[in-house]
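What follows is each chain in one-letter form.
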Amino acid sequence: MDNGYAIETRGLNLWYGDFQALFDVDLGVKKGIITSMIGPSGCGKTTLLRTCNRINERLGYVRTTGNVFVLGHDIFADDVEIVQVRKEVGMVFQRPNPLPISIRDNVLFGFRLHEARMRKVPAGEEAAVLESALRQVLLWDAVKDRLDQPATGLSLEEQQKLCIARLLPVKPEVLLMDEPCSALDPAGTEAVEEMIWQLRGDYTILIVTHNMAQARRASDECVFMLLGKIIEHGRTEEVFLNPLNSETADYIEGRYG
Amino acid sequence: MSHPRDRTGVMDRRDLAWYADRCAQVLIFAGGISAIVFIIGIFVFVTREGLGFVFGPLDLGQFFSSIEWRPTSDNPGYGALALMVGTLSVTGLAMLFSVPLSLGAALYIGEFAKGKTREALKILVEMLAAIPSVVWGFVGMSIMNPLIIQVFDVPVGLSALNAGIILGLMAAPIMTTIAEDALKAVPDSYREAAEALGATRWEVILKVVIPASKNGLVAAVLLGVGRGFGETMAVLMATGHSINIPTSPFDGVRALTATIASELGDTATGSPHYGSLFTLGIFLFVVTFLINLTADLVVKGIRKK
Ligand SMILES: Nc1ncnc2c1ncn2[C@@H]1O[C@H](COP(=O)(O)OP(=O)(O)OP(=O)(O)O)[C@@H](O)[C@H]1O
Ligand SMILES: [Mg+2]
């Protein structure tokens with residue numbers, strides 16, 4: 001079933017132990033555009049994001065009810081392979097988290113995992129994949145001469161770009177980004193933001209941000225969350241200029257902090 | 001200085017705290033220094049007792065190449081080769097058995113076990129480390145010995161194999177604990193990153209966790225080896241204590257440590273026999289020191305560059 005949504009949740013509830021963090025969330029994230037998610041601290045943005053690739057399940061005490069569909073497939077269905085879900089849905093974390101291996105191995109990490117399961121990859125192809133991924137995140141020129149150096153030696157901005165680059169070789173449909181710029185300085189933020197904007201169209205991007213200006217500038221649609229519920233979801237200009245809900249207006253105008 | 005405020009209670013309290021602070025400083029310093037003093041003291045003692053013999057009657061070539069260990073004979077021989085091979089073979093067998101066991105246990109405890117199981121296992125491993133070595137020797141003599149005779153259909157069960165297994169079990173707790181520490185030191189964000197990229201649990205362990213904790217794991221193994229070299233009582237009881245270059249794991253052997261322990265009581269201070277045992281001691285000291293030093297350097301990652 002193709003209804004134009006890359007991600008769709010229906011009646012999604014989530015508990016950390018006894019604490020309910022998401023309430024009856026119905027969200028449709030449209031394919032090919034950038035959707036931003038805003039809301040005060042602790043409202044469940046990260047939680048919702050981490051449910052979409054089931055990485056939340058690493059914590060043993062998380063329980064969910066309801067459905068999440070990625071490209072029309074119910075990711076909680078019994079016959080779903082979690083590895084396939086994570087191939088379709090890449091994730092960028094708040095703090096850049098390159099693996100303690102070389103830049104090359106970082107970018108090719110996911111590619112090698114997924115491709116090696118199916119076929120033998122010729123060496124030339126790896127090099128091409130590596131270059132294309134690094135070019136897409138505008139990092140190629142900066143690192144092309146030190147591909148075999150440890151990724152942990154890069155600046156934070158470069159690390160975050162690298163963390164985005166390593167998702168691309170497996171051709172995901174969706175990129176989830178949890179405040180990808182919050183650990184960066186203003187210049188780094190701008191660079192990464194610009195780069196994310198360039199990925200628009202090739203990927204569906206769902207990005208959490210605390211930065212109103214960033215949400216407004218760099219997203220097509222905007223979701224406002226409060227206390228584990230989705231309060232408002234619409235075109236970004238609409239949400240910012242004519243919010244339907246008074247709580248949205250309060251938040252956007254800075255009355256929640 | 002006799003500033004009037006010096007006599008106030010506030011100032012007195014500060015003086016007291018200051019003295020306490022000073023005392024604590026001195027005590028801690030003394031503690032730290034005494035550790036070094038003891039180590040140097042032991043080293044000086046062992047070498048002083050042994051060196052006279054090393055540079056005197058001992059033929060170093062014979063020491064390292066002959067298997068004739070006859071210190072009490074009329075025609076004495078001080079060849080320690082069989083003893084070295086004995087120690088090596090027992091330690092080697094122990095590691096063959098213990099390294100996979102310990103690393104497996106560490107992986108299970110560190111990466112798979114959760115909550116109560118995990119805590120219980122850690123406590124069990126620590127309890128295992130607390131079993132006195134003479135008890136292990138006892139296990140070797142009275143349980144492993146008949147078991148080996150029965151299972152492998154060999155005439156004696158006190159052998160390099162027996163001691164190797166016992167020593168492996170003895171070295172396992174420290175190796176498990178240190179390996180588990182090394183795994184624990186791998187930031188969880190690495191695992192999360194790899195899982196989010198679609199790695200399975202095993203791929204995360206093989207491609208991320210083990211490479212990232214490699215130094216710690218190597219150090220764990222080295223400390224296990226060090227433990228094996230230095231172990232005495234259990235080895236004395238389980239090897240059969242026969243001077244012999246083993247050709248199979250079922251042969252009896254004799255270890256350096258066990259030789260010192262069993263013979264030193266019968267020697268006259270200053271005699272050649274006494275000196276020769278101290279020579280074995282120096283040798284052991286140097287080898288274990290080197291092993292521990294390597295382990296230390298590996299932990300600090302100096303070997304990387
Ligand atoms: N691992 C966890 N265990 C228990 N409770 C958690 C856990 N993670 C989050 N929570 C709780 O769930 C709620 C939502 O948290 P979440 O991290 O999703 O919020 P957020 O919107 O991302 O906040 P922020 O803007 O600060 O990142 C919070 O009340 C938080 O305390
Ligand atoms: Mg968050």
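Just above, that's the structure.
For clarity, every value in this text was computed on a predicted model and none was experimentally measured.

Thresholds applied
Residues numbered from 1 in each chain as written. Chains lettered and ligands numbered in written order. Predicted model: local features only at pLDDT ≥ 70, side-chain atom pairs only at ≥ 80, totals over all residues. Heavy atoms only, no water. Contact = heavy atoms within 4.5 Å. Buried area = accessible area lost by both parts, 1.4 Å probe. Salt bridge = Lys/Arg side-chain N within 4 Å of Asp/Glu carboxyl O. Pairing = 2+ DSSP bridges. Helix = DSSP H or I, 4+ residues; strand = E, 2+ residues; numbered from the N terminus. Axes fitted to C-alpha atoms, helices over the stretch in contact; angles between N-to-C directions. Buried < 20%, exposed > 50% of the residue type's maximum accessible area, 1.4 Å probe, protein only. Phe/Tyr/Trp six-rings, centres within 6.5 Å; stacked < 30°, edge-to-face > 60°. Lys NZ or Arg CZ within 6 Å of the ring centre and 35° of its normal.

Draft legend 1. A look at the interface of chain B and chain A. Each partner contributes to the interface: chain B provides 17 residues, whereas chain A provides 21 residues. Roughly 1700 Å² is buried in total at the junction of chain B and chain A, and carbon and sulfur atoms are behind 61% of that figure. Area buried by chain B at its contact with chain A is led by Glu 192, Ala 196 and Leu 197 of chain B, which between them contribute 39% of it. For the pair chain B and chain A, the interface holds 5 salt bridges. A salt bridge links Arg 86 of chain A to Glu 195 of chain B, with the shortest nitrogen-to-oxygen separation between them at 3.8 Å.

Draft legend 2. How the structure looks around the sheet that holds strand β7 (residues 174–178) of chain A. Residues and elements named next belong to chain A. Ordered in space as β6-β7-β8-β3-β9-β10, the 6 strands form an open sheet in which the pairing is mixed. Looking at which strands have only one partner, the edges of the open sheet turn out to be β6 (89–92) and β10 (229–235). Averaged over all adjacent pairs, the angle separating strand axes in this sheet is 15°, with direction ignored. Sheet topology places strand β3 (residues 34–38) next to strand β8 (residues 204–208); 4 bridges connect them, and they run parallel. Each residue of the ladder has a partner; that of Thr 35, found in β8, is Leu 206.

Draft legend 3. Looking closely at the environment of Leu 71 of chain A. Residues and elements named next belong to chain A. Mapped onto the elements, Leu 71 comes out in the loop between β4 (62–70) and β5 (73–74). Taking relative accessible area as the criterion, Leu 71 reaches 25% and is therefore assigned partly exposed. Between the C-alpha atom of Leu 71 and that of Tyr 5, which follows or precedes it by 66 residues, the distance is 6.7 Å. Setting aside its immediate chain neighbours within four residues, Leu 71 contacts Tyr 5, Ala 6, Lys 31, Glu 88 and Glu 173.

Draft legend 4. The packing of aromatic side chains, seen in detail. For the structure shown, the criterion picks out 12 aromatic pairs over all chains. On the numbers, 5.2 Å between centres and 75° between planes, the contact of Trp 18 of chain B with Tyr 19 of chain B is edge-to-face. Judged by relative accessible area, which is 47%, Trp 18 of chain B ranks as partly exposed. Aromatic side chains Phe 43 of chain B and Phe 285 of chain B sit 4.9 Å apart centroid to centroid with 45° between the ring planes, which places their arrangement in the tilted category. In this pair, Phe 43 of chain B is assigned in helix α1 (residues 9–55) and Phe 285 of chain B in helix α12 (residues 272–299), connecting sequence segments 242 residues apart. Residue classification places Phe 43 of chain B among the partly exposed residues on the basis of a relative accessible area of 33%. What links up through ring pairs into an aromatic cluster is the set Phe 45, Tyr 274 and Phe 278 of chain B. The positively charged end of Arg 63 of chain A is found above the aromatic ring belonging to Trp 15 of chain A, 4.3 Å away from the centroid. For the cation-ring pair, Lys 229 of chain A lies above Phe 23 of chain A, with the distance from its terminal atom to the ring centre recorded as 4.9 Å.

Draft legend 5. Quick look at the sheet that holds strand β1 (residues 5–16) of chain A. Residue and element names in this part refer to chain A. On the basis of which strands lie adjacent, the open sheet formed by 4 strands has the order β2-β1-β4-β5 and antiparallel pairing. Strands with a single pairing partner mark the edges of an open sheet, and in this sheet they are β2 (19–30) and β5. Relative to β4, β1 runs antiparallel, the two being bridged by 8 bridges. In the sheet register, Trp 15 faces β4, and the bridge partner there is Arg 63.

Draft legend 6. Region of the structure containing unusual backbone geometry. Residues and elements named next belong to chain A. The phi dihedral of Leu 71 falls on the positive side, at around 50°, and the residue is not glycine. Phi at Glu 179 takes a positive value of approximately 40°, unusual for a residue other than glycine. Among the structural elements, Glu 179 can be located in the loop between β7 and α7 (186–199).

Draft legend 7. Just the environment of Arg 146 of chain A, in detail. All names here are of chain A. Inspection of the secondary structure puts Arg 146 in the loop between α5 (140–143) and α6 (156–165). Look at Arg 146 and you get partly exposed, because its relative accessible area is 25%. For the pair Arg 146 and Arg 166, spaced 20 residues apart in the sequence, the C-alpha separation amounts to 16 Å.

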